[in-house]
Structures are given as structure tokens and as C-alpha cells.
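Report on the structure
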Amino acid sequence: MRILHTSDWHLGRSFHRESLLSAQAAFVDHLVETVLAEQVDVVAVAGDVYDRALPPVDAVALLDEALGRLRGAGARVVLISGNHDSALRLRFGSALFEAAGVHVRTSPDQSWEPVLVDGVAFYGIPYLEPELVRAAWELPDRSHTAAISHAMTRIRADAVRHRASVVLSHCFVTGGQVSDSERDISVGGVAHVPLQVFDGVDYVALGHLHGRQRMSETVRYSGSPLAYSFSEVGHLKGSWLVTLGEGAEFVPAPVPRPVGRLRGELEELLTLPAYEGYEDHWLQVVLTDAVRPKSAMERLRARFPHTLALSFDPVGAAPAAQPVRLSGRPEAEVALDFVREVRGEPAAPEEEDLLRQAIEASRVKETMA
């Protein structure tokens, strides 16, 4: 049994206003070629297929094309929803897809209903919003650990009937390395799920974190197929090719344009030969000139036409207030920082509770959209 583990396509996403649709289409081409070349039996897509609950029409068209081509190449497809997806919208047509060999799992109660492929049971645990399953599943607390533990208990009870088992899950396993491009999924400040929750199955295909990671020999993140933030400089993007009972190898994906970070004085960046290798990169540049250069972005783009982000950190200047990092931080923290900045004092405890409740209610509403 050969499985191609991929996740976090985020179809429809842009990178600092640069469209990534052609790069995402190239990744689909690569997946189809890999399925054919490696005789892949199942493609496992571990969530965040789209970048938002209401994806643009060209992203929907690309997913439609991808599923048809992967199935045409001979692979079955098992796909779960992630925290960026609308479970209800992604579920559309799933009964018909099932008959065609494309298995979409977006409902929590489907988590322990296996997709059987040559005697191997595939279980799809979609992104589980704890508040939505707590009452129905009679969970001991409102946490990702409680929700996924319940699903895994049901899965292990069913898996004993089959010769092998594979689980897809979209979550944050303790010890995983984050980047700036994942959306926060914390509940009450806790988003982590212990690795031991996934004991007892043959392979776990994880999604949510955008860097490839091996949490154990049988529990892995494939990461996103493209870099979606400059914090992912140096990431090797691609998919895990898993042969059950034998191991896994990483299959690198095509890189449409590398990402990079440069730091230094403007004249050095514009003239030194050492920076020639960055001329085709998407770049984040920090200028350290003591005096801010005029027309800095225009001059940078004369040599580095794909410079996307520019900031200044003058050497020798008086210390300035540090900019607040927004990406990758919990929404509640960002909002509370805003309250503190505007008022000059932090929110009262009851205000903080109210704000966190409002943010959680918004996330639950989006998950049900």
C-alpha cells in the first residue's frame, strides 16, 4: 500500500498580494506525476484544502480539476476539512464523490467510519472545534485533546477489525514547529494535542503546521506545498510517500519562486555580487541605513524585482518602539494588545473574558458556515 500524504494546499491564497494560483496548479501537476510514477494507491489530503471558508471560483475550479486528475491517475483520494475550510461547503457532493473513489470527511461523527482500500482502513478526523462536539460527545473538558482523544478511542476500537489503519487529522501536536502562516486554533490558550493520543495505528497523516515534520516514525506533518510566509525560508516543500510497514520518503515539490530575507544597507544590497542569487526570489528586506534612503523600494526592485516586504532598522538610531507582530499570534492576544495601546492600560478581567468569548463564537460560526 503506497500513500501520498499532503496537506494545507490553501487554494486561493496569495503571498503579499502575489497570486499563487499558477504555482498551486503546478503543484497539482506534480502530485499527478508522482501518483503515476510511484504507483500511489491513496492520496491523503490532511485539511486546509482552501484558504478560507468562501474560496474564490478559480480555487474551486482547481480543486475540481485536481480531484478528477488524481482519480484518473489511479489513486483513491481521502480528504478532510481543516480549520480554514467550511466543512459544510467542502462536503457538497461528497456522497457522489464517494462512489467515484474520492472520500471527503468533514463531519466529526464520520471520524471512526473507515474508508477501506485493499483491507487498509483510512479514518479522517476533520478539524474538530471543541465547542461543537463537547456536548454531543460528552467530553470531560473543552479542549482539542479531549475531542481528538474521543475520536481516536472510537477509531482504535474499529481498527482491530482491519489489517492496517491510517488516520488523517488536522491539529497541533505538542512539539510541532510553527510558522507565521498558520491560523491560531487555541481554546482557552491551549491548542496542543499530545503525540500519545495517536498511539495504536499504523500511520498518522497530519495537517495544520506548514513545515514538514516527523513527530515519530509513524506520525508526520507533510507541511504546505508552497511557502506562505517569510518565516518558511529554508523549508523543503513536498509530500510524504509512505509505504505501509516499510517507512516513508519525502518527495520535494516544484518551487515556482524561492523566498528569502535580506538585511543590510541599501547600497550594499544593490551592488555586492554576493546577493546575485537572490535576484529571482520573493524577498523580505530590512534596511539598516542610519538615514532612511529615498525611493528605497523602487531602487531595490531595480535589482530585486520581486521584493514584496520592506522595513527599516537603522543602525545607531535611538531605540524605537518595536512593531507588534500580528501574523501567527492568537486573535485574542492581538485584540488585547490593541485595547492596551488605545487605552494605555490593559483590559479588565471581565472584558478579557468577553473578548475571548466573542472570538471563539466567531470561530465556531465560521466552522459551521
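The present account deals with the structure reproduced in this document. (Residues numbered from 1 in each chain as written. Predicted model: local features only at pLDDT ≥ 70, side-chain atom pairs only at ≥ 80, totals over all residues. Heavy atoms only, no water.)

**Quick word on the pattern of salt bridges**
It is possible for side chains bearing opposite charge to pair when their charged atoms get close. A complete count under the given rule lists 15 salt bridges for this structure. Arg13 serves as the salt-bridge partner of Asp51, at 3.3 Å between the closest nitrogen and oxygen. One end of the pair, Asp51, is in the loop between strand E4 (42-46) and helix H2 (57-72); the other, Arg13, is in the loop between strand E1 (2-6) and strand E2 (14-15), and 38 residues separate them in sequence. As far as the burial class goes, Asp51 and Arg13 line up, both buried. Linking Lys237 and Glu232 is a salt bridge whose minimum nitrogen-to-oxygen distance equals 2.7 Å. (Salt bridge = Lys/Arg side-chain N within 4 Å of Asp/Glu carboxyl O. Helix = DSSP H or I, 4+ residues; strand = E, 2+ residues; numbered from the N terminus. Buried < 20%, exposed > 50% of the residue type's maximum accessible area, 1.4 Å probe, protein only.)

**A few points about empty space enclosed by the protein**
Applying the stated criterion to the full structure yields one cavity of 30 Å³ or more. Of the pockets and cavities examined, the largest cavity occupies roughly 40 Å³. Ile125, Pro126, Tyr127, Leu128, His144, Ile148, Ser169, His170, Cys171 and Ile185 together form the lining of the largest cavity. Listed by contribution, the elements that provide at least two residues to the lining of the largest cavity are helix H6 (144-159) and strand E9 (164-170). For the lining of the largest cavity, the per-class residue count stands at seven nonpolar, three polar and no charged. (1 Å grid on protein atoms, 1.4 Å probe; cavity = no way out; pocket = protein on both sides within 12 Å on 5 of 7 lines; lining within 4 Å. Points joined across faces, edges and corners; volume = space filled by probe spheres on them. Nonpolar A, V, L, I, M, F, W, Y, C, P; charged D, E, K, R; others polar.)

**Comments concerning the packing of aromatic side chains**
Tallied over the entire structure, the rule returns five aromatic pairs. Here Trp9 and Phe27 contribute two aromatic rings whose centre-to-centre distance is 6.2 Å and whose plane-to-plane angle is 75°, an arrangement assigned as edge-to-face. Residue Trp9 is located in the loop between E1 and E2, and its partner Phe27 is located in helix H1 (residues 21-38); the two are separated by 18 residues in the primary sequence. Taking the relative accessible area as the measure of exposure, Trp9 reaches 1% and is therefore buried. Considering the side-chain rings of Phe15 and Trp282, the 5.5 Å spacing of their centres and the 50° angle between planes classify their relative orientation as tilted. Here Phe15 is found in strand E2, whereas its partner Trp282 is found in strand E18 (residues 282-287), with 267 residues between them in sequence. (Phe/Tyr/Trp six-rings, centres within 6.5 Å; stacked < 30°, edge-to-face > 60°.)

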